[in-house]
Amino acid sequence: MLIVHLFVVVIILQCRRQVAEAIRRAGRPRGRSRRVRNRVAGLCTILRSPWSSQLWAVWALNIRNGYSLLLQYSSVPLRSC
């Protein structure tokens, strides 16, 4: 399973430019929406690679309710102090 997840990370890294361009191009929004899309396009790869590794860790360590906890923690909005 570790090898499968490492392959997923490799695929994510290989396709990062195409995915970022697709996110930026979609609809050509203006103003705030455009800034949000550009920010998401830049962070997309940074967020997906560790998430794949975390999925593997939940499976390998057999963490009870690990997938639901991972989903819960990854959907919590970040707050600035």
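In this report, the structure presented in the accompanying data block is examined. Bear in mind that the values here come from a model prediction, so they are computed numbers and not experimental data.

Here we take up the overall build of the protein chain. Tallying secondary structure elements over the protein chain gives four helices and zero strands in all. When its helices and strands are written in sequence order, the protein chain yields α-α-α-α. Considering the protein chain as a whole, with its 81 residues, one finds that 17% of them fall into the buried category. For the protein chain, restricting intrachain contacts to residue pairs at least 6 apart in sequence, the fraction spanning at least 24 positions comes to 47%. For the protein chain, the exposed surface amounts to about 6900 Å²; the carbon and sulfur share of it is 62%.

What follows deals with a nonpolar patch on the surface. Side chains of Met1, Val4, Val8, Trp59 and Tyr67 sit close together on the surface and give an oily, nonpolar patch of about 500 Å² of accessible area. Relative to the elements of secondary structure, Val4 occurs in helix H1 (residues 2-14). With a relative accessible area of 47%, Val4 lands in the partly exposed category.

Conventions we followed
- Residues numbered from 1 in each chain as written.
- Predicted model: local features only at pLDDT ≥ 70, side-chain atom pairs only at ≥ 80, totals over all residues.
- Heavy atoms only, no water.
- Helix = DSSP H or I, 4+ residues; strand = E, 2+ residues; numbered from the N terminus.
- Buried < 20%, exposed > 50% of the residue type's maximum accessible area, 1.4 Å probe, protein only.
- Contact = heavy atoms within 4.5 Å.
- Areas by Shrake-Rupley, 256 points an atom, 1.4 Å probe, with all protein chains shown as cover.
- Patch = residues over 30% accessible without salt bridge, like charges linked within 9 Å, V, L, I, M, F, W, Y side chains within 5 Å.
- Salt bridge = Lys/Arg side-chain N within 4 Å of Asp/Glu carboxyl O.

Bear in mind that shape data such as this cannot, by itself, settle questions of function.
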